[in-house]
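# Topology and contacts: notes
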Amino acid sequence: MKIINYRVLGTQLYKESAIVVAEVEVDFKSPTNTERTRTTYRNQYDLAVVDALWKITKDKCIQNCSNTF
């Protein structure tokens, strides 16, 4: 899988955590055949400060989730 493009749609920042909603356009090869597919998903990412760096602690697909890869 390869990320082609992304767009941050919204953020909410707390003290040492944040929520980010983003559209992510990916290109991937189907596991059932050799065709390549390009799809855009909308995801929610929960972030937290771990060892002085922002890290994704949880992610959840919120739109276009039926297209699995």
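Residues numbered from 1 in each chain as written. Predicted model: local features only at pLDDT ≥ 70, side-chain atom pairs only at ≥ 80, totals over all residues. Heavy atoms only, no water.

## A look at unusual backbone geometry
Defined as follows: Runs of E in the DSSP output that reach at least two residues are strands. Runs of H or I that reach at least four are helices, and both are numbered from the N terminus. To sort residues, take the accessible area from a 1.4 Å probe on protein chains only and compare it with the maximum for the residue type: under 20% means buried, over 50% means exposed, and anything in between is partly exposed.
You will see that D51, though not glycine, has its phi angle at about 55°, which is positive. Inspection of the secondary structure assignment puts D51 in the loop between strand 3 (36-50) and strand 4 (53-63). On the accessibility criterion, D51 (70% relative accessible area) is exposed. Of note, the phi angle at N64 is positive, near 65°, even though the residue is not glycine. Its location among the elements puts N64 in the segment after strand 4.

## With respect to the nonpolar core
The criterion, for reference: The definition of a nonpolar core used throughout is a set of buried Ala, Val, Leu, Ile, Met, Phe, Trp, Tyr and Cys residues joined through side-chain atoms within 4.5 Å. Here, residues are in contact when the closest pair of their heavy atoms is within 4.5 Å.
Among the nonpolar cores identified, the biggest contains nine residues, and these are A18, V20, A22, V24, V26, F28, Y41, Y45 and L47. Apart from residues lying up to four places away in sequence, V20 is in contact with V8, G10, T11, N43, Q44, Y45 and L47.

## What to know about the layout of surface pockets
The following threshold applies: Put plainly, a pocket is an open set of points on a 1 Å grid over the protein atoms alone with protein on both sides within 12 Å along at least five of seven lines, a cavity is a set where a 1.4 Å probe fits but cannot get out, and a lining residue has an atom within 4 Å of a point. Grid points are joined across faces, edges and corners, and a volume is the space filled by probe spheres set on the points. Residue polarity is assigned by list, with Asp, Glu, Lys and Arg as charged and Ala, Val, Leu, Ile, Met, Phe, Trp, Tyr, Cys and Pro as nonpolar; anything else, Gly included, falls into the polar class.
Size it by volume and the largest pocket reaches roughly 160 Å³. Looking at the largest pocket, it is lined by 10 residues, and the ones nearest its centre are M1, V24, V26, N43 and Y45. Broken down by element, the lining of the largest pocket gets its largest block of residues, three residues, from strand 3. Per-class residue counts for the lining of the largest pocket are nine nonpolar, one polar and no charged.

## Focus: the environment of T11
With respect to the helices, strands and loops of the structure, T11 is situated in strand 1 (residues 2-13). Separated by 34 residues in the primary sequence, T11 and Y45 have C-alpha atoms spaced 9.5 Å apart. Excluding anything up to four places from it in sequence, T11 contacts I19 and V20.

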